[in-house]
Amino acid sequence: MSEMPLVGRRAECAAIDEMLEALRDGFGAVLVLTGEPGVGKTRLLQYAARASEDVTVVHLVGIESETRLAHGALHRLLRPFLPALTCLPEHLRDALNAALGLTGTASRDRFLVGLATLTLLAEVASDRPMLCLVDDVHWLDRESADVLAFVARRVHADSVSMVFAAREDSGRPRLLDGLNATRLEGLPPEDARTLLGQGVPGHLDRAVADRIVDGTGGNPLALVEITAHLNAEQLAGVARLPEPLPVSRLLEDRFRRSVAALPDDTQNLLLLIATAPTDDQAALWRAAGALGLSVRAMAPAVRAGVLCPGTALEFRHPLIRSAVHAAADAEALRRIHAVLATASAPDRRAWHLAEATEGADDAVATELETASERAQARGGFSQQALFLSRAAELTTDPARRARRFLDAAEAHLTSGDAGAVRMLLALAAPDLAGSPEKARAQRLRASVDMLFLRTGEVSAMLLDAVDGLGPSDPATTWELLYEAMHAALVSGGLTSGTTLAQVAKTAADAWHDPAPPSWSPGPLMAGLAHEVAFGYAQGAPLLRDALRRLRASPELRELNSPFSVIVSYAADELWDIEAKREIVQRLAAVDRGRGALYGLSLALLVLATLEIWEGRFSVAESHYAESDEYAAATGFAGGGEINKALFYAWTGREPELRTATQAMRNLAETLRLGSMRRTAAQALSIFEIGRGRYREALDHALPVFLEDGLPLGNLMLPIMVEAGVRAGDRSSAEAALARIEERAPLAGTPWALGSLARCRALMTTGDAAEEWYLKSIEQLGKVPVAVELAWSRLVYGEWLRRRKRRSDARVPLRAAYESFDSWGAAAFTGRARAELLATGATARKRTADTRHDLTPQERHVAVLAASGLTNAEIATRLFITTPTVEFHLNKVFRKLTITSRRQIASALDHPSPS
């Protein structure tokens, strides 16, 4: 069957041409084509291939029968380039080898596999630009799809471009959300008539053509195939057309009839091809031999246009494969799978045996479970889940069946498929009555809710699981209570079915590990539980000891509940910013090394707040941007502007602040996230107090004080004291002072003592206040909380000016003003400037600088380069390639008008981070 020329699609072809021109200049790009079957996605990929004579073109087609083979499609894509693996850094080479099953080692995180894939493609493309054409994305295995989506978001200056084609509404295109996408519609009427005319050898009536174009919606494949469905009289307008046109089933019926007309041997061969994986032709021909089929059976299918000509067994169109498989009866499919089982490698053998089995079979179920363990070792969690769920279906023992369903649910949770987790939990439920696995099922339900930030009912759910477990398994009991405590801290006063205090009491009573490993999170969570349940005096020493153990530990480990968040909560309770920075930086390094982007995205949010307290707002903004990118890559629902409220407060961006905090409040109510409500209150109170709107600041701080919850309760106390004093609400200020006077000495950190001294100064009348102001400045100068130090200088200068000591006031006020101004802390700059001018001093406004022209990615690359990292080290940290780093640095040099990376730090006007 000859191929018709491409008709229409001028805009899409122009976009492809433009992309190829950029590719030849060394710049990668991505295009996603979506649309209904037959609309022309594959034809546009073919156009791109023909237009790429001077480019390395790599084709990958998703195959329905291979969706269960973890990293199978990725292996097919990379197979020609595997010799270049030796050029990769060892950790990336090991990750990719493990994922592809080339070594016996366990696979690392899927995103490290993504970085390895990107690096390998970029290495190969350094000699000749590369175009990757990926068709039928919806039929890629989940692991390969994740990796390719990760790569697609990072190709930039790597001489690699990618074009994806996927059916719309198939689920898989969502992995490519945010990329340059084009939805293909049917052809316009004029182009559709032209294409229709090319397929009709005789007369085509104009009215008939219009009716067909209208009835098919201009779908090119439907237009081509319908001419074989209608006779000459109908096309000429002599006989009536079917009413309505059978477009919905036309294509599949057409392909099915074409196959049904072929000899029996050819039909059997086609069913074998439709069922077997495409990357093992030897196994396919072994199976064909076992069925008594020879290569001669191909010829009729090639002549009928069902198979492509050539030695490879490929269908002309993916819909033909689907039609062949759908038309087969169950017995024929079981026979094909049984033969394939004898010709395949162990993992595929297990699956084919399962598909050939009718009814339960414990031996086959055991073989599937063994294959699932091999899939897990390669990081193929969706394949592991598929094998385990099929094994459960074949299992006769109810308890073992339930366990296998739960194992499958756990694997799906790891791969991020929450819908599949819920379905498997429902399948396991009938066999869980009275089983200890019931607690595990509850934990999985809770994990799904946590993944989507629906924390309100999680704690109660986990406490029920603890009750069902009884005293038989104290280790699992503590793990459940740890997660229940985490959920309760996040939901706070919005917890339903229980309370934070109840959860804390249960967790505190259950903690009895006398010798946990140094990296264990248990002591930290136990400290938080004791504080909530029994008061700050009991919790603070436990928290201090737990943080000290973690700082001294030779290793740190990430957890299912991201550890950086718990560390942040605990450190804030002690005003211990040094422990927080050290531990979270180490956790971020662990996450980067594993490619654990979910944990890394949250660690970066914590690090962003640390940079804000140190006055490095541009670095914080870079952390936010990087965190958002990883949140999008992992499907985590907690990214976006809501995380930047504190940044907007300090930088005085009121519209963004109001929008973010309103969104936070809405989410707090709908998802029962009490911690988000407190974070919004902190940001708003800082913004209002910076503007001198003390009553408003106090109104935001009071609910947090009354709730006295974690996190942020302690950090809000100095705000409440100052706002209360300035707003004339001395009773509120005194209440906050009493609490910080109790807690700061127990914490004993410079930030705590400096904050306490500032509060006492604000509450002290007469000259005695000065000693407390000076002590606050002294203590805060010992730790990296530059904004707090400038804040104390500001209120000290204000006190001096009000006592008519204008000359003395100028020193701390100028220091505060210049600090706030240089950081861009607009919320406090205006207040400090007004006070400085009131002393009779001048206050020069900062001139605009070019650093704000940098994109977040450019700024982050610049900051890392200023800290002394090499381009290769920056690439590894940001999960991009070295050429992309070089591209961003060139733009940084141009925008900052510098010529050397040694000049970056001064050009950015902030200290280099550690």
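What counts, and where the lines are drawn
Residues numbered from 1 in each chain as written. Predicted model: local features only at pLDDT ≥ 70, side-chain atom pairs only at ≥ 80, totals over all residues. Heavy atoms only, no water. Core = buried A, V, L, I, M, F, W, Y, C linked by side-chain atoms within 4.5 Å. Buried < 20%, exposed > 50% of the residue type's maximum accessible area, 1.4 Å probe, protein only. Helix = DSSP H or I, 4+ residues; strand = E, 2+ residues; numbered from the N terminus. Contact = heavy atoms within 4.5 Å. Polar contact = N/O pair within 3.5 Å; in protein donor to acceptor, adjacent residues only side chain to side chain. pLDDT = per-residue confidence, 0-100. Axes fitted to C-alpha atoms, helices over the stretch in contact; angles between N-to-C directions. Parallel < 35°, antiparallel > 145°, perpendicular 65-115°, else oblique. Nonpolar A, V, L, I, M, F, W, Y, C, P; charged D, E, K, R; others polar. Phe/Tyr/Trp six-rings, centres within 6.5 Å; stacked < 30°, edge-to-face > 60°. Lys NZ or Arg CZ within 6 Å of the ring centre and 35° of its normal.

**A short note on the nonpolar core**
- Judged by nonpolar contacts, the single largest core of 194 residues is most densely connected at Met162, Phe164, Leu524, Leu528, Trp650 and Phe820.
- When residues of this core are assigned to their parent elements, the largest contribution, 12 residues, is made by helix H30 (residues 597-613).
- When residues no more than four places from it in sequence are discounted, the contact partners of Phe164 are Val30, Leu31, Val32, Leu33, Val134, Val137, Leu148, Ala152 and Leu176.
- Counting 32 residues, the second-largest nonpolar core is a separate cluster that includes Leu272, Ala288, Ile320 and Ala332.

**With respect to helix H9 (residues 220-229)**
- The buried fraction of H9 amounts to 7 of the 10 residues, a majority that puts the element mostly inside the structure.
- Between a side-chain oxygen at the N-terminus of H9 and the backbone nitrogen of Leu221 the separation is 3.1 Å; the capping residue is Asn219.

**Brief notes about the confidence of the model for the protein**
- With 94% of its residues at a pLDDT of 70 or more, the protein shows a mean pLDDT of 88.
- Ranking the helices and strands of the protein by mean pLDDT puts helix H38 (residues 750-763) first, with 98, and helix H11 (residues 247-260) last, with 69.
- Confidence drops under pLDDT 50 across residues 910-914; counting only partners more than four residues distant or on other chains, this segment forms 16 contacts.

**Considerations on the packing of helix H43 (residues 856-866) against helix H45 (residues 882-896)**
- Between H43 and H45, whose axes approach to 9 Å, the crossing angle comes to 90°. The angle between the axes of H43 and H45 places the two elements in the roughly perpendicular class. Taking contact as the criterion, the partners of Gln857, Glu858, Val861, Ala862 and Ala865 in H43 are, on H45, Val885, His888, Leu889, Lys891, Val892 and Lys895.
- Residue classes in the contact of H43 with H45 are distributed as 6 nonpolar, 2 polar and 3 charged.

**Re the packing of aromatic side chains**
- Counted under the stated rule, the structure contains 20 aromatic pairs.
- Over the aromatic face of Phe150 sits the side chain of Arg154, whose NZ or CZ is 3.8 Å from the ring centroid.

**Remarks on unusual backbone geometry**
- The amide bond that connects Leu710 to the next residue, Pro711, takes the cis arrangement and shows omega of -5°.
- Within the secondary structure layout, Pro711 lies in the loop between helix H35 (694-707) and helix H36 (717-727).
- Notably, Arg9 is not glycine yet its phi reads approximately 60°, a positive angle.
- With respect to the secondary-structure elements, Arg9 resides in the segment before helix H1 (10-24).
- If you check the backbone angles, Arg672 has positive phi at about 65° while not being a glycine.
- According to the relative accessible area criterion, Arg672 is partly exposed, its value standing at 33%.

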